[in-house]
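# Topology and contacts: notes
Residues per chain, in single letters:
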Amino acid sequence: MTETTHPQQPAPPPGVRAKTSRSPEYRLAQNALRGLRQDLFHDPFAYRPLPPRHTDGPVVRRLPARLRSAAEHFPHAVVGAIALIALSAGALGGGGAGGDIPALLSGLLCALPVLATLVRPVGAFWLSLAVTPVVAVLNGSGTDWPWMPGAFVCHLAVLVVVALRTRPRTAAWMWVLTAAYAFLSDVVFGGPYYYTNSAPMMVASAFALLVVSLWHVRRAAEQEVTAQQTVTAHERSRRTRLEERTTIARELHDVVAHHMSVVAIQAEAAPYRVENPPPELERAFVTIRENAVAALTELRRILGVVRAEDYEAPDAPQPTLADLDALLVNVRDAGLEVEKVVTGAVRELPQGVELSAYRIVQEALSNSLRHAPGAGARVEIGYVLGGLGVRVVNGPAPEPSLVKPSPGAGHGITGMRERVTMLNGEMTAGPTDDGGYEIAVFLPVAAVNEGDA
């Protein structure tokens, strides 16, 4: 018989309630209450001044300079005008005479929340709700409930301005709280009032907040479209640059590959055009052909990837410091006396460091052949604890010399610096005291702990 055991979940520690899965409705309600707390209860009286209006619009740009400067404060002027309307409605729309103190106080209380939207928008909403019953008490003989005329204008204006300054979710919560206040006022505190204007307030505010929310949605969509257009334009420009560079690389590949192939073929056929050529001439032509074939291979390896989409890169590995001896033999065959010195414990370095060091030595020796023909060179490779040191120095060109220096464009030193910078290394290059040239490079290598291996 087979016995099956089921592992039991450990009991929660005393005082800790076990977590139970919540229904989607519960999570939805929890998120909604969290949004209410963030929008209307978290630091409601925070100082948030209304920023000036942008003057780069299509209409404002056509205005004179003085009017354009004044247009920056157009939203503030509109809010101030609405506050004056609320002040007049609060002072003149109550049950008492317009000139008595309660009527003036009602007008000021109605204008205060509207002005508060300029600096503390969420606090202005709560202030408007608090002012509404106070204005109703001051105008005890009024016929409107729960919003007196001034309070009606005040609260509706506050809802619109705050909704414009926040977001649609905040507008929805303000409308819900306004509806809750209207319900409590009609059911609990309605009393002797035979007319309630809660329905007009809810309909007017719902329509106004809906318009504002649609404006927010449209503005967000325009911003998203603008952002997408900006990204698209950037990608199009980047693609255009890549296409141009690809075209240049293809042309360079075609032209240089053709001429290097011609050089290799002519170097191979040249000894057969001379009867009994000397061995030195044969070796020189062999070196020329080998260099041409090597340069052609390197060119195809670098630029061939942009020649066609189905191009497959060769499987040959990139050169490393282990290939320096072959490079030095090639350079010696070209007529440069070069000496190699290695100090420190030779070890395997990262591929990027090995390749960069090889290319730096290769370019430095090429510069020596080009700018100081007939001079000797010295290559020093130093393996140290923190990285790799490379130093290539050549002496001055002998005088007189049968081979004249070949001027260059200076791209070799720039390429070396780019490689060194990419590896966070250091490089110095300059003439020596005896008329030669020296290139010194240090490539850092992070130490690898045995425990990390």
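Residues numbered from 1 in each chain as written. Predicted model: local features only at pLDDT ≥ 70, side-chain atom pairs only at ≥ 80, totals over all residues. Heavy atoms only, no water.

### A few points about the environment of alanine 429
Going by this rule: Here a helix means four or more residues in a row that DSSP labels H or I, a strand means two or more in a row labelled E, and each is numbered from the N terminus. Contacts were defined at the residue level, with two residues in contact if any of their heavy atoms lie within 4.5 Å.
Tracing the sequence through the fold places alanine 429 in strand 4 (residues 426–431). In the structure, alanine 429 is positioned 12 residues away from valine 441 in sequence and 8.6 Å away in space, judged by C-alpha atoms. Once residues lying within four places of it in the same chain are set aside, the contact partners of alanine 429 are Ile413, Arg417, Tyr437, Glu438 and Ile439.

### Comments concerning the nonpolar core
Rules: Put simply, a nonpolar core is a bunch of buried Ala, Val, Leu, Ile, Met, Phe, Trp, Tyr and Cys residues held in one set by side-chain atoms that sit within 4.5 Å of each other. Buried residues are those whose accessible area, probed at 1.4 Å on protein chains only, stays under 20% of the maximum for their type, while exposed residues exceed 50% and partly exposed ones sit between those limits.
With 39 residues, the main nonpolar core has Leu40, Val114, Phe125, Val135, Trp147, Val158 and Met174 as its most contacted residues. The leading source of residues in this core is helix 6 (residues 149–165), at eight residues. When sequence neighbours within four positions are dropped, the list of residues in contact with valine 135 reads Ser106, Leu109, Cys110, Met148 and Ala151. Formed by 30 residues, the second largest nonpolar core is a distinct cluster that contains Val361, Val379, Tyr383 and Val445.

### Notes on the pairing of strand 3 (residues 387–394)
Convention followed: Two strands are said to pair when DSSP picks up at least two bridges between them.
Here strand 3 lies mainly inside the structure; seven of its eight residues are buried. Relative to strand 3, strand 2 (residues 377–384) runs antiparallel, the two being bridged by eight bridges. By the bridge assignment, alanine 377 is partnered in strand 3 with asparagine 394. Strand direction decides the pairing type here: strand 3 and strand 5 (residues 437–444), joined by eight bridges, are antiparallel. From the neighbouring strand, asparagine 394 faces strand 5, where its bridge partner is tyrosine 437.

### A closer look at the packing of aromatic side chains
Filter applied, for reference: Centres within 6.5 Å are what make two rings of Phe, Tyr or Trp a pair, Trp counting through its six-membered ring; a difference in plane orientation under 30 degrees is then read as stacked, over 60 as edge-to-face, and the rest as tilted.
Following the criterion strictly, the structure yields three aromatic pairs and no others. Ring geometry for phenylalanine 41 against tryptophan 126: centres 5.2 Å apart, planes inclined by 55°, an arrangement best described as tilted. Here phenylalanine 41 is found in helix 1 (residues 24–41), whereas its partner tryptophan 126 is found in helix 5 (residues 121–138), with 85 residues between them in sequence. Taking relative accessible area as the criterion, phenylalanine 41 reaches 47% and is therefore assigned partly exposed.

### Observations regarding the side chain of threonine 132
Operational definition: In protein, a polar contact means a hydrogen-donor-capable atom and an acceptor-capable atom, both N or O and within 3.5 Å, with residues adjacent in sequence counting only if both atoms are side-chain atoms; elsewhere, any N or O pair within 3.5 Å suffices.
Along the chain, the position of threonine 132 falls in helix 5. Residue threonine 132 is classed as buried on the basis of its relative accessible area, which comes to 1%. At 3.4 Å, the side chain of threonine 132 forms a polar contact with the side chain of tryptophan 147. When residues no more than four places from it in sequence are discounted, the contact partners of threonine 132 are Pro146, Trp147, Ala151 and Tyr181.

### Considering the sheet that holds strand 4
The test is simple: Axis lines are fitted to C-alpha atoms, over the contacting stretch for helices. Their N-to-C directions set the angle, which ranges from 0 to 180 degrees.
Spatially, 1-2-3-5-4 is the arrangement adopted by the five strands of the open sheet, whose pairing is mixed. Across the chains shown, the open sheet's two edge strands, defined by having one partner strand only, are strand 1 (338–343) and strand 4. Here the average twist between neighbouring strands, direction ignored, is 10°. The sheet contacts of helix 10 (residues 324–333) involve strand 1 and strand 2, and relative to strand 1 the element is tilted by about 160°. In the packing of helix 11 (residues 351–371) onto the sheet, contacts are made with strand 1, strand 2, strand 3 and strand 5, and the angle to strand 3 comes to roughly 5°.

### Things to note about the packing of helix 4 (residues 101–116) against helix 6
When two helices pack together, their arrangement is given by the angle between the helix axes and by the axis-to-axis distance. Condition: Put simply, angles under 35 degrees are roughly parallel, angles over 145 are roughly antiparallel, angles from 65 to 115 are roughly perpendicular, and the rest are oblique. Classification convention: Asp, Glu, Lys, Arg as charged; Ala, Val, Leu, Ile, Met, Phe, Trp, Tyr, Cys, Pro as nonpolar; all other residues, Gly among them, as polar.
At a minimum axis distance of 9 Å, the contact between helix 4 and helix 6 shows a crossing angle of 5°. As far as their axial angle goes, helix 6 and helix 4 are roughly parallel. Of helix 6, the residues touching helix 4 (which contributes Cys110, Pro113 and Val114) are Gly150, Ala151, Cys154, Ala157 and Val158. Residues that form the contact of helix 4 with helix 6 fall into these classes: seven nonpolar, one polar and no charged.

### A short note on the packing of helix 3 (residues 74–92) against helix 6
Counted only if it meets this: Two helices that cross are described as forming a left-handed crossing if the nearer one is turned anticlockwise from the farther one by less than a right angle, and a right-handed crossing if clockwise.
Helix 6 packs onto helix 3 with a crossing angle of 160° between their chain directions and a minimal axis gap of 7 Å. With respect to their mutual orientation, helix 3 and helix 6 come out roughly antiparallel. Pair helix 3 / helix 6 crosses with left-handed handedness. Between helix 3, through Ile82, Ile85, Ala86, Ala89 and Gly90, and helix 6, the contact on the second element is made entirely by Pro149, Gly150, Val153, Cys154 and Ala157.

### Quick look at the side chain of serine 205
Within the element layout of this structure, serine 205 appears in helix 8 (residues 198–269). Those residues in contact with serine 205 that lie beyond four places of it in its chain are Leu156, Leu159 and Trp175.

### Some words on helix 1
Our working rule: Here the expected span of a helix is defined as 1.5 Å times the quantity of residues minus one. Comment: arc refers to directions from the helix axis out to C-beta atoms.
When the terminal C-alpha atoms of helix 1 are compared, their 25 Å separation across 18 residues agrees well with the 26 Å that a helix rising 1.5 Å per residue should span. Those residues of helix 1 not exposed but buried are Gly35, Leu36, Asp39 and Leu40. The buried residues of helix 1 all sit within an arc of 105° when viewed along its axis, so they share a single face. Buried residues belonging to helix 1 abut helix 5 and helix 7 (168–187). Residue aspartate 43 follows helix 1 closely and has a positive phi angle near 50°.

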